Each structure stands twice: as structure tokens, then as C-alpha cells.
Amino acid sequence: MKTVTLGRSDLRVTPICLGTMTFGEQVDEPTAHAILNRSLERGVDFIDTAEMYAVPARQETYGATETIIGNWFKANPGARRKLTLATKVAGPSRGMPWVREGLGMTAADIAASCEGSLRRLQTDVIDLYQIHWPERHVPAFGNIHYDPAKEKSQTSIHEQLEALGALVKAGKVRYIGLSNETPYGVHEFVRLAEQHGLPRVATVQNVYCLISRALENGLDETMHRLDVSLLAYSPLGFGLLTGKYDAGGTEGPRAPKGARISSYESVRKQRWGRADALAAARRYNQLARDHGLTPTRMALAFCYTKWQVASTIIGVTSLAQLDENLDAWGTTLPPELLAEIDRIRWEMRDPAA
């Protein structure tokens, strides 16, 4: 894998990033360390985490993922300098008072969260520090309509940028990014950074997969024109695009045991639990089989080869899943298959947007 440059930064990373939100919930610490070892051995030099992980978010596992990664760094001297490390500051509470009780995301909140992440990760600097979701009200995590009546913003984008700039100036953060953002948000962060000499966002981490391609409706042009790179998360649609839910569904006696959607009611209540999302995934999965591919390989190849994507974030619970995801690199989907993918999308749209 050739490395790619993130935005206008000097961060060069592999086009596959190891996501870690399962560490501390579905994945215990020894297995997480084995996954981190294998990923590094196979050449992946980019890992992503967040202060609120593990997922599903619970008070008992808040910060657990960062702690596991920090323990791995301690046990593997030299590993930290081989990797680009990304983590995230949580946005407003969203029903998680153990993360933050206030409605906004003040400069003090951002600074305190960064200090906590540095401590848990046992590192002196975060290479890419991202805002996990916008401080202002936006349609995200499965909501698709903006409602100005729900606006409760307490901290301006300018204030957030100043707080992040202070962390960069202090040497605690190298570059900044966004997540679950909109075209307006990306434009405003870039505009204010350029106007006031503050750090420019290098990346946006948003969902992107066969059953959730909404960013192609405007955000991709924004990012292309502003030189902001996409980090695509959930390329397998929380497992829907692996085919494991095709036969037994996402809940009930025939659903796969131990799988993410079937294991957690909170996940089934989100976009990944929608009947339309499963129906569309089944269509794509059968299309892959009809073309001699596994559903996983086709779904990952779709993300790996799209011009919109700088790096694809893969999340796994085992070494076997990690190897399968990495082995899909280099797969090219023929034009006729891509055309069939687009036909399904035209018919079923983005049920997990």
C-alpha cells in the first residue's frame, strides 16, 4: 500500500486505518493487543480511537479503548513512533453525562479531554485530534433532516478552533480533523481557520459504505475543493455488508451470536438496525456472490478504490477478520459491477444514511 497525504498536513498514512472502538467491549485487552501487533506487522501505520470508546458507549467502558492502546504502547517500545495516532474529543453530551454534562463544548472541555486522552494513551502528542461530532445541532448518526428549532449551540466554531489551536501551539496535537460533519461545517472550519490564522482541518471522518453514500451528495465536492481528506468509517455497515445477517436477520433466534447488531439493542435502534438497511445489504451481498466475490471483499473494494476516500477505517474483533479485510486490498471492481451497484443505490438509496 502506498501512503496518502491527509489534507494539507504532512501526515502520510496507509489507505487503511485500524479502527478500535470494539476494544474494551467486544474485544478484550489481550486480543486487542494481538490485533494491533498483526496490523502493524502487515504494514498498517494508522490507528483511530476516541475518548468515548468502547462502543456501545457505557460509563463503565468510557476511555477503555484508549487505555488498552496506551498499555500496548507501553508494552511495545518503539511502536508509537511507527504509527499515526488519531483520537477524538466528544461533542456535546448526547445522553452521556459521564463524558460531559454541559450542552456545549468549551475550550476547557476540549483541553481537559485532550489531557485525558494523552494520559490514557501514554503518549506526549496526538497526531490527529478530531471533533467526534459537531457541537452545533446537525442531522447525524442516522438523522437526515436539519431542524433549526433544535439548535442549542453554546460554543462557536471560532472558539473551538482557538482551543484546538492552543493544543497545537502547546505541542500536544499535531493536526486537527472533524467527524460526522456537513458541508457547511467543513466550509466554516476552513474559512475561519484561514481568516484568523488558526489550524486548518486536515480530515473529516464520516460514514461511507454501500448502504450509506450520502456524502456523495455535496460533501465530497466540498472536501475535494478545500483539500480536506475523507476517513471513511463503517465500510462494512456494522457488519451488514459481510453477509452474516443475510439468513437470520439482526435479532431473534436465527441472528448470528456475538455479532454487533444482534448483540446490542442500542445498535439495533440506530440506522444499522433498520429493515431497509438489511434489505439493501442483502441485495449488495448477493450481487457480490453473483460476481464471484465475498460480500466483505466487494464492500471493502468499493471504499478502497473510490476517489473520495483517503483512508478506510476497518473495525475488527478477531485476527481472522483483520486478515480478511487487509487481504481485500488490491481488489478492483469491474465497470459492469460498479454499474450494478449504482443501479441498486438508485432503487434503494441510502437506508443507513
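The structure we're discussing is the one just above.
Residues numbered from 1 in each chain as written. Predicted model: local features only at pLDDT ≥ 70, side-chain atom pairs only at ≥ 80, totals over all residues. Heavy atoms only, no water.

## Looking at the packing of helix α9 (residues 275-290) against helix α12 (residues 335-348)
Between α9 and α12, whose axes approach to 11 Å, the crossing angle comes to 165 degrees. On the basis of the axis angle, α9 is roughly antiparallel to α12. Seen from above, α9 lies across α12 with right-handed handedness. Mapping the contact onto sequence places A279, A280, R283, Y284 and L287 in α9 and L337, E340, I341, I344, R345, E347 and M348 in α12. Looking at the contact of α9 with α12, its residues break down into eight nonpolar, no polar and four charged. (Axes fitted to C-alpha atoms, helices over the stretch in contact; angles between N-to-C directions. Helix = DSSP H or I, 4+ residues; strand = E, 2+ residues; numbered from the N terminus. Parallel < 35°, antiparallel > 145°, perpendicular 65-115°, else oblique. Left-handed = near helix turned anticlockwise from the far one by under 90°. Contact = heavy atoms within 4.5 Å. Nonpolar A, V, L, I, M, F, W, Y, C, P; charged D, E, K, R; others polar.)

## A word on the pattern of salt bridges
Scanning the model with the defined rule gives 28 salt bridges in all. Where E66 meets R120, a salt bridge forms, and the shortest distance between an N and an O atom there is 2.8 Å. Of this pair, E66 sits in helix α2 (residues 64-75) while R120 sits in helix α3 (residues 107-121), and the two are 54 residues apart along the sequence. Its relative accessible area of 15% is what places R120 among the buried residues. When the shortest N-O distance is used, the salt bridge between D109 and R100 registers 3.8 Å. According to the relative accessible area criterion, D109 is partly exposed, its value standing at 22%. A relative accessible area of 5% means that R100 is categorised as buried. (Salt bridge = Lys/Arg side-chain N within 4 Å of Asp/Glu carboxyl O. Buried < 20%, exposed > 50% of the residue type's maximum accessible area, 1.4 Å probe, protein only.)

## A short note on α3
With 15 residues, α3 should reach 21 Å at 1.5 Å per residue; the first-to-last C-alpha distance of 21 Å fits that figure. Those residues of α3 that fall on the buried side of the exposure criterion are I110, S113, C114, G116, S117, L118, R120 and L121. Along its buried surface, α3 packs onto α2, β5 (84-89), β6 (126-131), α4 (157-169) and β7 (173-179). Where α3 terminates, the next one or two residues include Q122, which has phi positive at roughly 55 degrees. (Expected span 1.5 Å × (residues − 1).)

## A look at the pairing of strand β10 (residues 309-315)
In terms of residue burial, β10 counts as a mostly covered element, since six of its seven residues are buried. For strand β3 (residues 16-19) and β10, the ladder comprises four bridges, and the chain directions are parallel. When the bridges of β10 are listed, G19 appears paired with G315. Strand direction decides the pairing type here: strand β9 (residues 229-233) and β10, joined by three bridges, are parallel. Bridge pairing in β10 links A232 to T312. (Pairing = 2+ DSSP bridges.)

## Let's talk about unusual backbone geometry
With omega at 25 degrees, the peptide bond leading from Y53 into A54 counts as cis. Along the chain, A54 falls in the loop between β4 (46-48) and α2. Here the bond from V55 into P56 is cis, since omega is 0 degrees, no more than 30 degrees from zero. Mapping P56 onto the fold places it in the loop between β4 and α2.

## Here we look at α2
Helix length check: α2 (twelve residues) gives 17 Å between terminal C-alpha atoms against 16 Å at 1.5 Å per residue, within 8%. Residues of α2 that are buried in the fold lie against α1 (29-41), β4, β5 and α3.

## Concerning the sheet that holds strand β8 (residues 201-207)
In space, the eight strands of this closed barrel follow the order β3-β4-β5-β6-β7-β8-β9-β10, with parallel pairing throughout. Between one strand and the next, the sheet's axes are offset by a mean angle of 30 degrees, whatever the strand orientation. Two strands pair when backbone bridges link them, and β7 and β8 are joined in this way by four bridges, in the parallel orientation. Bridge pairing in β8 links I176 to V201. Against the sheet, α4 contacts β6 and β7, and its axis sits at roughly 150 degrees relative to β7.

## A closer look at the side chain of E181
Among the structural elements, E181 can be located in the loop between β7 and α5 (183-196). For E181, the side chain forms a polar contact with the side chain of R136, separated by 2.7 Å. Beyond its immediate sequence surroundings of up to four residues, E181 is in contact with P134, R136, V186, F189, V204, N206 and L219. (Polar contact = N/O pair within 3.5 Å; in protein donor to acceptor, adjacent residues only side chain to side chain.)

## Topic: the packing of α2 against α3
At their nearest, the axes of α2 and α3 sit 7 Å apart, and the two run at 45 degrees to each other. By the criterion of interaxial angle, the relationship of α2 to α3 is oblique. Facing E66, T67, I69, G70 and F73 of α2, the residues of α3 in contact are S117, R120 and L121. Looking at the contact of α2 with α3 residue by residue, the classes come out as three nonpolar, three polar and two charged.

## A look at the side chain of S9
Here S9 shows up in the loop between β1 (4-5) and β2 (12-13). Here S9 falls in the buried class, since its relative accessible area comes to 10%. Of the polar contacts made by the side chain of S9, one reaches the backbone oxygen of L6; its length is 2.6 Å. Aside from chain neighbours lying at most four places away, what touches S9 is Y175 and A202.

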